[in-house]
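Close look at the chain arrangement
Take a look at the letters that make up each chain.
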Amino acid sequence: MATAVTAPHSGADVRDLARRVGALSPVLAVVALLLVPGGGGTQGGTGGTGTVADAASGLLVLICLVRVLRGGARPLTRAAAVVLGLPVLGICLAAITSNDPAASLPGVARYLQVFVLVPAAVLLTIRDRRDFAVVAWGLVAFALLQGAVGVVQYLTGTGASYQGEDIRAVGTFGATDVMGMATVVAYGLVVVTGIALGSGPGRVRTVATVCAGLLFVPLVLSFSRGAWIATVLTCAVQLLLAGVRRAVRVALAAAALGVVLVGGLGIGSEMVEERVASITQVTAAPDQSVTDRYTMWAAAGRMWRAEPVTGVGLKGFPRYRDSNASLALSSGSDTAGAGAAFARQPLLSPHNMYLLVLSEQGLVGLLALTGSWVALLVGALRRQRLGADRALVATGLLVWQLVDFFYADIGGPSTVLMSVVFGLAAWWSLAEVRRA
């Protein structure tokens, strides 16, 4: 059984790797082009940002469509078509029943891009386990690059503004998409954790472990509470799936690493402690960001109660926010630093994917979308015996995203990477797994 991608040892290995990278270039281009600055990422919820990476994702879908029509690629299996096509039901129904269908059309395009078309294209592009590994390591490489930029931002005071200092690590995503780098780094950390806990060659697992240590630092310096929670829970799930004994050993090693980096070396220690403590400060003197988040959650709930079946329509949350939110909601969040001037960023989504879908697409949309995600997760878990490395990676990515959706939603330049992650997990969950 094929394991993780290792360094090539011969000319044939190099040529094989080059051919694979060439065949996977449409997928890898989506990841790499996220380095190109976007339009600011100020739109939340179902809004789009129109980045170069988004255009590359459209090209990926077009290439896959041409390959399928020419018969050069196998079409989706019936199960894959049903699972990936299920969200279309809620998306189209919410657009049709919207009070302003024309205004909902950009939301339709965004949801289809992120949850249907690009994941299906990634699934069709990946041919075997080694292709899966190439894309996974591509995510790790991108995460390491973004993490390195983030650490430099913290050390040089050129990051996004946090508590009056320009020290928040945001990578190349800028101050208007502070979750971008945290999401990318977390993806990479989940991938290397799965590889390190797998059954691949020792040197590959060693490299993965080193990468995990390197990615831990920028994740901490992102000061992203949602990403921290999702990563801790996901790594715990991966550890348990890999075995209880190994889980205990790795947990102790990770705790020691955290003590050394945060406690011993003082990497953002005071601010990290304050940020962690703020997670539990929901009723006892919460900061304004926590107040805004829970106020918008309550507003989303009121929207759903008004339109429980189909919601208020795609892109409807910003339009109905003020009429459903309490006076505790601020006018927006402050953004500054990382090369951007001070600005007030409007709060256009509830920062909870489940509540966003519930408010805009109703119960039908939520059941359709979450049903698709649960099916992917069940499929990944059922195939764990077919390959520990890839099962842990695919399961981890899905768990991380589903947990993070309690604190975030789609919006911003990094959203397109989410579609690649869903496609990677969909291949493992739904495709016919072939030996490389």
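Please refer to the structure placed before this passage.
No experiment lies behind these values; they were computed from the predicted model shown.

Below, the discussion takes up the overall build of the protein. Secondary structure summary: the protein contains 16 helices and four strands in total. Every one of the 436 residues in the protein was classed for burial, and the buried ones make up 52%. Per element, the accessible surface of the protein, about 18000 Å² overall, is 66% carbon and sulfur.

The next point concerns the pairing of strand β2 (residues 165–168). In the sheet, strand β1 (residues 160–162) pairs with β2 via three bridges, with the strands oriented antiparallel. Looking across to β2, one finds that Y162 is bridged to E165. Where β1 folds back onto β2 in an antiparallel hairpin, the turn is made up of two residues, including Q163, whose phi is positive at roughly 55°.

Right, let's get into a nonpolar patch on the surface. On the surface, L59, L62, L65, V66 and L69 cluster together into a nonpolar patch covering about 480 Å² of accessible area. As for its placement among the helices and strands, V66 is situated in helix α3 (residues 52–69).

Following the criterion strictly, the structure yields five salt bridges and no others. D131 is the salt-bridge partner of R20, the closest N and O atoms lying 2.8 Å from each other. Placement of the pair is R20 in helix α1 (residues 11–23) and D131 in helix α6 (residues 129–156), with a sequence separation of 111 residues. Measuring nitrogen to oxygen at the nearest pair gives 2.9 Å for the salt bridge that ties R321 to D322. If you follow the salt bridges from partner to partner, you end up with R20, R127, D128 and D131 in one network.

This part covers the packing of helix α7 (residues 178–196) against helix α8 (residues 202–221). Two packed helices can be described by the angle between their axes and the distance between those axes. It is the contact of α7 with α8, at a shortest axis distance of 8 Å, that shows an interaxial angle of 155°. Classed by the angle they form, the pair α7 and α8 counts as roughly antiparallel. In this structure, α7 meets α8 at a crossing whose hand is left-handed. Mapping the contact onto sequence places M181, A182, V185, A186, G188, L189, V192, I195 and A196 in α7 and V204, R205, A208, T209, C211, A212, L215, P218 and L219 in α8. Its residues assigned to classes, the contact of α7 with α8 comprises 15 nonpolar, two polar and one charged.

Conventions used here
Residues numbered from 1 in each chain as written. Predicted model: local features only at pLDDT ≥ 70, side-chain atom pairs only at ≥ 80, totals over all residues. Heavy atoms only, no water. Helix = DSSP H or I, 4+ residues; strand = E, 2+ residues; numbered from the N terminus. Buried < 20%, exposed > 50% of the residue type's maximum accessible area, 1.4 Å probe, protein only. Areas by Shrake-Rupley, 256 points an atom, 1.4 Å probe, with all protein chains shown as cover. Pairing = 2+ DSSP bridges. Patch = residues over 30% accessible without salt bridge, like charges linked within 9 Å, V, L, I, M, F, W, Y side chains within 5 Å. Salt bridge = Lys/Arg side-chain N within 4 Å of Asp/Glu carboxyl O. Axes fitted to C-alpha atoms, helices over the stretch in contact; angles between N-to-C directions. Parallel < 35°, antiparallel > 145°, perpendicular 65-115°, else oblique. Left-handed = near helix turned anticlockwise from the far one by under 90°. Contact = heavy atoms within 4.5 Å. Nonpolar A, V, L, I, M, F, W, Y, C, P; charged D, E, K, R; others polar.

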